[in-house]
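Each chain, letter by letter, is given below.
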Amino acid sequence: MNGTMPDTTTSSQDDKKLSSTAPQFVQGMGLFSATAIVMGSMIGSGIFIVSAEMSRGLGSPALLIAAWLVTALMTIIGALSYGELAAMMPKAGGQYVYLREALGPLWGFLYGWTLFLVIQTGTIAAVGVAFGKFLGVFFPSVSGSNWIWFIGHVPPWHVGPMVLGNMDIGLNTANLAAIVVITLLTLLNTMGVKMGSAVQNVFTSAKVFALAAVVLVGLVAKNSVAIAANFGAGWHNFWTGAGWGTLHAVQVGVGGPTVYVGLLTMVAAVQVGSLFSSDSWNNVTFTAGEIRDPKRNIPLSLVIGTGVVLLLYVLCNFVYLSVLPMAGDSAATTIVGRGIQYASEDRVATAVMEQAFAGYGAKLMAAVILISTFGCLNGLLMAGARVYYAMSRDGLFFESVGRLSERSKTPVNSLWVQWAWTCLLCLSGSYGQLLDYVIFAVLVFYILTITGLFVLRRTRPEAVRPYRAFGYPVLPGLYIVMALWICAVLLRYKPQYTWPGLMIVLLGIPVYLVWTRMASAEQESEQF
């Protein structure tokens, strides 16, 4: 690549493989649908849960809000940066394509490999099982402990600071519910992009209104005990524990020593929860081939979608602080006594609603989460399949995955391959551990992709850029610095979240070499 290269938004491999007779994607989604994918993929169940663990680590209301603001800043900068890449290369596959074009096919493959193996499918499995668990609020027989076919328990395997294994394998009513809903949504998405986007539009609208309703609860259900504990006179208590000289306890790895770290290190260490809850905003780029006027609508959807969701997330945390004290006692028998830190099963939002609407608050919250997870699953399923399709077009995945249905113009085979692996993860019980490893791998690929923005500015200066990243080069550079700091902190203090994810990414290198060698051998045999 050099500065004199022509501006091509489709790779030469794509040009060779696509023919005038092959089915083409239908550009059936506008700005609203694109924004619905951004918001719908972001809002799952994390926002309703992760603040409990974050609070246990931070111990300060101000730092809890600061951690979410850091996540908001990074996500919005990421969205602004991706907007330029999306407008420049509006193709199915999104981030996979950006990495391929900027850094080379190996990096694109490693992203697609990790996305299929862990990031997308692991998230779909986890969100699906969360759907099943919250369905159990209304139907008690749906439970992770109600086994239909219990195969066995994989014992824990201690590897340095990590614990692998320690999971139950088999079919229970919770993961059965997950498999059923994943199957239903996969089937709906095979019927065409308009069907998939219609489902996404309805459920994203519903859950955004539901999340806004949770925020409104904070205006009518303020708890004087919580406000006094978390804010105090003149917000004095709000800033408790947030001084630059305050030290915070962190356990290194699983069962490792406890060390004391400063404010910036502690805020970075808890980003696993808030970043995971805010992730998947990039999924809209995967569907670029089916969005009308993608050079305009994708950048706009990224900014609007991430902005609205992150505002709601920050407000939700203020609601938690206005209804429940942050500090709590795990042995307490009341909702207020347990506080945010020790909300039952970390379900902070459920505790807030139960405190506000005693007797039926838990069911109200369960209904909100069911709507949220259903819409999230649809967005993740729809978007992920487009990446494996793009990989296949490049000869880096099963050939059948790179075909569109003649009838629906959707990557049906890709959807079903994704479905099969996701269902296997549901049955294996491994999705929980996979999610622990996801955020580090995700951050690494975000860093690489935004680095690609700098690379493409240098190697393709004449390329048409309908939108240029706001604040370039300062804001994209700031993102890289912040993400590198978080990665360094996680490597040092949370190795159980980092090394397994890094190993999964690196395992893709020999797979890539084997796949490309097979593809080359096949091309040579065709020539003869």
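Heads up: the structure comes first, above all this text.
The paragraphs below set out a description of the structure included in this document. Computed from a predicted structure; not experimentally measured.

1. Here's the deal with the pairing of strand β1 (residues 147-159)
As paired elements, β1 and strand β2 (residues 162-172) share 10 bridges and run antiparallel to each other. When the bridges of β2 are listed, proline 156 appears paired with glycine 165. Linkage of β1 to β2, two consecutive antiparallel strands, is achieved through a turn of two residues, within which glycine 160 is found at a positive phi near 60 degrees.

2. Here we look at the environment of glycine 30
Relative to the helices and strands, glycine 30 is located in the loop between α1 (12-17) and α2 (31-42). Exposure remark for glycine 30: the relative accessible area of 10% places this residue in the buried category.

3. Brief notes about the pattern of salt bridges
In the structure shown here, the tally under the stated rule is eight salt bridges. The shortest N-O distance in the salt bridge between arginine 465 and glutamate 84 comes to 3.0 Å. With arginine 465 in the loop between α18 (431-459) and α19 (474-493) and glutamate 84 in helix α4 (residues 61-88), this pair connects stretches of sequence that are 381 residues apart. When its relative accessible area of 1% is taken as the criterion, glutamate 84 is described as buried. Taken together, the shared-partner salt bridges in this structure form one network comprising Arg100, Glu101, Asp394 and Arg460.

4. Side note on the nonpolar core
By size, the foremost hydrophobic cluster in this structure holds 159 residues, and its most contacted members are Phe48 and Tyr320. Per element, the largest residue contribution to this core is 17 residues, and it comes from α18. Discounting residues that sit within four places of it in the chain, tyrosine 320 has contacts with Ile47, Phe48, Ser51, Ile340, Val348, Ala349 and Val352.

5. Here's the deal with the side chain of threonine 121
Take threonine 121: it is sitting in helix α6 (residues 105-135). Here the side chain of threonine 121 touches phenylalanine 116 through a polar contact of 2.5 Å, landing on its backbone oxygen.

6. Quick look at the pairing of strand β3 (residues 248-251)
Here β3 shows a clear split, with His248 and Val250 buried on one side and none of Ala249 and Gln251 buried on the other. The pairing of β3 with strand β4 (residues 258-261) spans four bridges and is classified as antiparallel. Looking across to β4, one finds that glutamine 251 is bridged to threonine 258. Hairpin connection of β3 to β4: six residues between the antiparallel strands, including glycine 253 at a positive phi of 70 degrees.

The rules behind the values
- Residues numbered from 1 in each chain as written.
- Predicted model: local features only at pLDDT ≥ 70, side-chain atom pairs only at ≥ 80, totals over all residues.
- Heavy atoms only, no water.
- Pairing = 2+ DSSP bridges.
- Helix = DSSP H or I, 4+ residues; strand = E, 2+ residues; numbered from the N terminus.
- Buried < 20%, exposed > 50% of the residue type's maximum accessible area, 1.4 Å probe, protein only.
- Salt bridge = Lys/Arg side-chain N within 4 Å of Asp/Glu carboxyl O.
- Core = buried A, V, L, I, M, F, W, Y, C linked by side-chain atoms within 4.5 Å.
- Contact = heavy atoms within 4.5 Å.
- Polar contact = N/O pair within 3.5 Å; in protein donor to acceptor, adjacent residues only side chain to side chain.

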